[in-house]
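Coordinates in review
Chain by chain, the residues:
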Amino acid sequence: MIAELKGVGKDYRTGDQTIVALQPTNLILNEGELLLIIGPSGSGKTTLLSLLGCVIYPSYGDLWVDGQHVNKLSEKALARLRLNTIGFVFQNFNLLAPLTAEDNVMMPLQLQGIRTAEARDRTEQALKTVGMTDRRRNLPKQLSGGSNNELPLPAPLLQNPN
Ligand SMILES: Nc1ncnc2c1ncn2[C@@H]1O[C@H](COP(=O)(O)OP(=O)(O)OP(=O)(O)O)[C@@H](O)[C@H]1O
Ligand SMILES: [Mg+2]
């Protein structure tokens, strides 16, 4: 089992108002599963992901991630759990602007205390896997955003509408 939520919910208090971001939720995530979280805007998808990603604590209920009872972890222990067991793929990347592609990839390995030579090897391998070796010294702003706006336009869109 990767994660379990037992009656987990999240409330936010703004002034005298309480917003229920996630109603009490029961969920079990098993290894090898692909899970889609679908729902209307404001239904609590990001809140649920933030709980599973150990970014926030539940307001109530019990949450286990990788065998650890998240409710009982200190912020430091929670950060360690994120560093060592959780990977986020953000829509807007969240790369560190002053660091090169290579240094962005290496950063979590260094935080994990992996020695520099091994971190360099693993970084090199990872960049090679995604065909980015020649871009390793580029800053994030010098990399493409991964959108397909460089693809050739279909013929009808290339024609002058007039
Ligand atoms: N930090 C916060 N402070 C106050 N209210 C919050 C906070 N985060 C989320 N909420 C509220 O909790 C509810 C759930 O928000 P959440 O972002 O989880 O929804 P969502 O399903 O991800 O929506 P969307 O599809 O628009 O991304 C919303 O009403 C939102 O306004
Ligand atoms: Mg969201």
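Residues numbered from 1 in each chain as written. Chains lettered and ligands numbered in written order. Predicted model: local features only at pLDDT ≥ 70, side-chain atom pairs only at ≥ 80, totals over all residues. Heavy atoms only, no water.

Things to note about the packing of aromatic side chains
Following the criterion strictly, the structure yields one aromatic pair and no others. Ring centres of Phe-88 and Phe-90 lie 5.4 Å apart, and the angle between their planes is 15 degrees; on these two criteria the pair is classed as stacked. (Phe/Tyr/Trp six-rings, centres within 6.5 Å; stacked < 30°, edge-to-face > 60°.)

A closer look at the site of ligand 1
Near ligand 1, the surroundings consist of Tyr-12, Ile-19, Ala-21, Pro-40, Ser-41, Gly-42, Ser-43, Gly-44, Lys-45, Thr-46 and Thr-47. Within the contact set of ligand 1, an oxygen atom lies 3.3 Å away from a backbone nitrogen or oxygen of Ser-43. Here an oxygen atom of ligand 1 sits 2.7 Å away from a polar atom, N or O, in the side chain of Lys-45. For ligand 1, the accessible surface in isolation is 630 Å², of which the surrounding protein chains cover 59%. At the level of elements, strand 2 (17–29) and helix 1 (45–52) are the ones that each hand at least two residues to the shell around ligand 1. (Near = heavy atom within 4 Å. Polar contact = N/O pair within 3.5 Å; in protein donor to acceptor, adjacent residues only side chain to side chain. Areas by Shrake-Rupley, 256 points an atom, 1.4 Å probe, with all protein chains shown as cover. Helix = DSSP H or I, 4+ residues; strand = E, 2+ residues; numbered from the N terminus.)

Quick look at the layout of surface pockets
By volume, the largest pocket is sized at about 1,100 Å³. Around the largest pocket, the lining is made up of 32 residues, and of these Phe-88, Phe-93, Leu-95, Asn-104 and Val-105 lie nearest the centre. Breaking the lining of the largest pocket down by element, the ones donating at least two residues are helix 2 (75–85), helix 3 (101–111) and helix 4 (116–129). Broken down by element, the lining of the largest pocket gets its largest block of residues, seven residues, from helix 3. Class assignment of the residues belonging to the lining of the largest pocket gives a composition of 20 nonpolar, eight polar and four charged. Considering the residues around the second largest pocket, the lining is formed by 25 residues, among which Leu-49, Leu-52, Gly-53, Gly-87 and Phe-88 are closest to the centre. A total of four residues in the lining of the second largest pocket trace back to one element, the largest contributor, which is helix 1. Of the residues assigned to the lining of the second largest pocket, the class counts are 14 nonpolar, eight polar and three charged. (1 Å grid on protein atoms, 1.4 Å probe; cavity = no way out; pocket = protein on both sides within 12 Å on 5 of 7 lines; lining within 4 Å. Points joined across faces, edges and corners; volume = space filled by probe spheres on them. Nonpolar A, V, L, I, M, F, W, Y, C, P; charged D, E, K, R; others polar.)

Re the pairing of strand 2
Taken together, the nine bridges between strand 1 (residues 3–14) and strand 2 define a ladder with antiparallel strand orientation. Note on strand 2: the bridge partner recorded for Val-8 is Thr-25. From the end of strand 1 to the start of strand 2, which pair antiparallel, there are two residues, and Gly-15 there has a positive phi angle of about 65 degrees. (Pairing = 2+ DSSP bridges.)

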